[in-house]
Amino acid sequence: MAAKKVGKSTVRFASPPIIVGTGTIAGPVEGKGPLAADFDVVLPDHAYGERTPERSETKILEQASRIAIERAKIEKSMVDYYIAGDLLNQVISAGFSARQLAIPYFGVYGACSTCAMSLALAGMVIDGGFADYVLVACSSHYQTAERQYRYPIELNIQRKTTSQYTVTGAGAALLASSGVGPKVTWATTGKVTDLGSKDINDMGGAMAPAAADTLLAHFDDTGRGPSDYDLILTGDLASFGSEMLRELVRDNGVELGDNYRDCGLMVFDTKSQRVGAGGSGCACSAVVTFGHVLKEMEKGTYRNVLLIATGALMSPLSFQQGESIPCIAHAVAIEA
Amino acid sequence: MASQKAKKQVSSLPHMTQAAQEEKRRQLAYKELVQKKKPRPRYLRNVLVAFVVGGAIAVLGQLVLRFFMSRGLDLDAASAPTLAVMILVGVIATGLGIYDELGELAGAGAAVPITGFANTIVAAAMDYKREGWVLGMGAKMFLIAGPVIVYGTLAGVVVAFIKFMTSP
């Protein structure tokens, strides 16, 4: 019998894992954004001294992970598992960073939902009694994502009104069975949702139904509502996707108020920075949540936060073959 | 949420199960909502900027052409070196990281002139050089330009064939 399962798709951690350390690294564009002061490291450029952007992404993921371990004031050898993911084929950034870190490793892929997904998994591993320390991390990189999903970096392409800008960065959090810090209390696992969107330039619009589905499932399972959270945070729906999410949940009788925000709109100043509709990528929710939101929780600005990280599970191949874009969203509740 | 239009479209699918129909109805309703709410591009601004930037590139090309003609080449002979110079301009602007900014600003105004064509090849070459000279750059530099070359050539053949068949 699954004693910790609540409702259809939510778990409530009996002894909630505690976030004892975080590390965040952000790219040069994010470093000019409104949250610049919250990141541990801001890169001077996308290359970061490496000969390929892929190497640069691996480097920042590893570095963010090391910072998180350092902040927790434990030895690397004490970390039981490293759960990490990124956007690249065969999750190479995560795998390559795990080669350097030499911690037992689970590589995961949830596209841009990886941050919440790995938090949920780490929570289950710790609450299940399988580990005392689990390191979760994810990364994305503007240049590696552009190359894999879109066009060569220097190509003359005009952004669409709903195009988003992949966040360069990496975020890591060390979860522990005991200690002091914010706790991960609930996790709602998303179903893959696909309302038939085929517009590769509108990820927010494609992912909004998945976010709505998971948000409503979370409220159903837990009996909570929007007013139970100081902050409801979606990963990277950006301006158009957030608007669509509001519409979709409104149809189901849930009204999202001022406590709803989107990481993709927080990490950049979308008016003055040329980033289209806002940020996207695994690092978008990771650097905003681990860098900004957790710091604000420490200060007491927020006590209850619900993070819903959304991911689009298509590939350039499936898109070219005319498939629609299946999306997923995972929610985790973090309480001070 | 399902509008009249969506309902009508779905009722024409009687072979589907109830659940599949419901899913289809949700998809159509969402598609409609997205189409209604999606922010429109600033068409007027885009068209004007494309006209000005594309026109400026054309004027530059014209000046280069005049230069070669002033040195004694006739129009046909001057075309080839003019194209070569404009391609070089596109190549250098891409290498300096300027041309993608121009494309972001001007859209088709930057993409349509031959400088834009040069940009597609150099941008791909710069990206894939990291995977080596042969399997990287050599294999992939025509990733964007390839279709233009293939279908441009094909269109040329078709047009030439039509001309051949219809000319007396």
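Thresholds, definitions, all that
Residues numbered from 1 in each chain as written. Chains lettered and ligands numbered in written order. Predicted model: local features only at pLDDT ≥ 70, side-chain atom pairs only at ≥ 80, totals over all residues. Helix = DSSP H or I, 4+ residues; strand = E, 2+ residues; numbered from the N terminus. Rg over C-alpha atoms; globule rule 2.2 N^0.38 Å. Buried ≥ 20, exposed ≤ 12 C-beta atoms within 10 Å, placed from the backbone. Contact = placed C-beta atoms within 7 Å. Expected span 1.5 Å × (residues − 1). Bend = angle between axes of the 7 residues up to and from the residue. Nonpolar A, V, L, I, M, F, W, Y, C, P; charged D, E, K, R; others polar. Domains from an automatic or database assignment. Pairing = 2+ DSSP bridges. Core = buried A, V, L, I, M, F, W, Y, C linked by C-beta atoms within 7 Å.

Helix and strand counts for chain B come out as nine helices and zero strands. What you see for chain B is a C-alpha radius of gyration of 24 Å, clearly larger than the 15 Å of a compact globule of 168 residues, by over 25%. Counting only C-alpha atoms, chain B reaches 75 × 50 × 40 Å along its principal axes. Looking at the 168 residues of chain B, the share that counts as buried comes to 21%. Long-range pairs, those at least 24 residues apart, make up 52% of the contacts in chain B with a sequence separation of at least 6.

Turning our eyes to something else, we now look at the overall build of chain A. For chain A, the helix and strand inventory stands at nine helices and 15 strands. Here chain A has a C-alpha radius of gyration of 18 Å; the compact-globule value for 336 residues is 20 Å, and the two agree. Viewed in the frame of its principal axes, chain A has a C-alpha envelope of about 50 × 50 × 35 Å. The contacts of chain A with a sequence gap of at least 6 include a subset with a gap of at least 24, amounting to 78%.

Residues and elements named next belong to chain A. Compared with an ideal rise of 1.5 Å per residue, which puts 18 residues at 26 Å, helix 8 (residues 282–299) spans 25 Å between its outermost C-alpha atoms and is within 8% of the ideal. The largest bend in helix 8 is about 35°, located at Thr-289. Among the 18 residues in helix 8, 14 count as buried, and that is most of the element. Positive backbone phi, at 100°, marks Gly-300, one or two positions downstream of helix 8.

For the rest of this paragraph, the subject is the interface of chain A and chain B. The interface is formed by 22 residues belonging to chain A together with 31 residues belonging to chain B. Taken together, the elements giving at least two residues each to the side of chain A that touches chain B come down to helix 5 (203–222) and helix 6 (238–250) of chain A. Broken down by element, the side of chain A that touches chain B gets its largest block of residues, four residues, from helix 6 of chain A. For the side of chain A that touches chain B, the residue count by class is nine nonpolar, seven polar and six charged.

Further remarks concern the environment of Leu-44 of chain B. Residues and elements named next belong to chain B. Assignment of secondary structure puts Leu-44 in helix 3 (residues 43–70). Given 8 C-beta atoms within 10 Å, Leu-44 falls into the exposed group. Note: C-alpha distance between Leu-44 and Ile-114 (70 residues apart in sequence) is 24 Å.

So, about the domain arrangement of chain A. Residues and elements named next belong to chain A. Here chain A is partitioned into domain 1 (5–176) and domain 2 (183–335). Taken over C-alpha atoms, the centre of domain 1 sits 17 Å from the centre of domain 2. On the side of domain 2, 60 residues touch domain 1, which itself brings 58 residues to the contact. It is helix 3 (residues 114–127) that contributes the most residues to the side of domain 1 that touches domain 2, seven residues altogether. Split into classes, the residues belonging to the side of domain 1 that touches domain 2 amount to 28 nonpolar, 22 polar and eight charged.

Bringing helix 3 of chain B into the picture now. Across its 28 residues, helix 3 of chain B extends 40 Å between first and last C-alpha, which sits within 8% of the 40 Å expected from 1.5 Å per residue. Gly-72 of chain B lies just past helix 3 of chain B and shows a positive phi near 105°.

A few words on the environment of Asp-199 of chain A. Residue and element names in this part refer to chain A. Topologically, Asp-199 is positioned in the loop between strand 10 (183–188) and helix 5. Given 16 C-beta atoms within 10 Å, Asp-199 falls into the partly exposed group. In contact with Asp-199, other than residues within four places in its own chain, are Gly-205 and Ala-206.

Okay, the domain arrangement of chain B next. With domains assigned, chain B is organised as domain 1 (4–37) and domain 2 (49–142). Distance from the C-alpha centre of domain 1 of chain B to the C-alpha centre of domain 2 of chain B: 46 Å.

In the sheet, strand 2 (residues 10–12) of chain A pairs with strand 10 of chain A via three bridges, with the strands oriented antiparallel. Each residue of the ladder has a partner; that of Thr-10 of chain A, found in strand 10 of chain A, is Thr-188 of chain A.

In terms of nonpolar packing, the biggest core is built from 116 residues, with Leu-135, Val-136 and Val-332 of chain A touching the most fellow members. In terms of residue count, helix 8 of chain A provides more of this core than any other element does, ten residues in total. Excluding residues within four positions of it along the chain, Val-136 of chain A makes contact with Ile-83, Ala-84, Ser-118, Leu-119, Ala-122, Ala-172, Ala-173 and Leu-175 of chain A. Grouped together as the second largest cluster of nonpolar side chains are ten residues, Ile-157 of chain A together with Ile-121, Ala-125 and Met-141 of chain B included.

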